[in-house]
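Breakdown of the fold
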Amino acid sequence: MNEDTILLISLLKATTEHSTYLIGTLKQKPKHDFNVCIKNIDTLIESLEKSLNEAEKEMLQETTDCIHDLVKDVRQQTQIK
């Protein structure tokens, strides 16, 4: 898989991993739609990860970690908790 694809998978993965910040803020239909979306993305990520070799899996993890660090930095700089 090429680097751009791994980057996009990392963005999706980081998004689903940060989705817990919305727990309790969405109500009824938006909450249901969001949960379905996250579940589908998780299924897609799981499927795509199975086709990665070890080097690509490592790149995916490193890229996802960088995205998490970036989100943390943005929260600190903007004082979003």
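Residues numbered from 1 in each chain as written. Predicted model: local features only at pLDDT ≥ 70, side-chain atom pairs only at ≥ 80, totals over all residues. Heavy atoms only, no water.

Within this structure, the stated rule accounts for 3 salt bridges. Between Glu49 and Lys13 there is a salt bridge, with the nearest N and O atoms lying 2.7 Å from each other. Of this pair, Glu49 sits in helix 2 (residues 28-50) while Lys13 sits in helix 1 (residues 3-17), and the two are 36 residues apart along the sequence. On the accessibility criterion, Lys13 (14% relative accessible area) is buried. We note a salt bridge from Lys57 to Glu54, for which the minimum N-O separation is 3.9 Å. With a gap of 3 residues between them, Lys57 and Glu54 both fall in helix 3 (residues 54-78), about one helical turn apart. (Salt bridge = Lys/Arg side-chain N within 4 Å of Asp/Glu carboxyl O. Helix = DSSP H or I, 4+ residues; strand = E, 2+ residues; numbered from the N terminus. Buried < 20%, exposed > 50% of the residue type's maximum accessible area, 1.4 Å probe, protein only.)

The next thing to look at is a nonpolar patch on the surface. Together, Leu7, Leu8 and Leu11 make up a nonpolar patch on the protein surface, roughly 260 Å² of accessible area in all. Relative to the elements of secondary structure, Leu7 occurs in helix 1. Residue Leu7 is classed as partly exposed on the basis of its relative accessible area, which comes to 38%. (Patch = residues over 30% accessible without salt bridge, like charges linked within 9 Å, V, L, I, M, F, W, Y side chains within 5 Å. Areas by Shrake-Rupley, 256 points an atom, 1.4 Å probe, with all protein chains shown as cover.)

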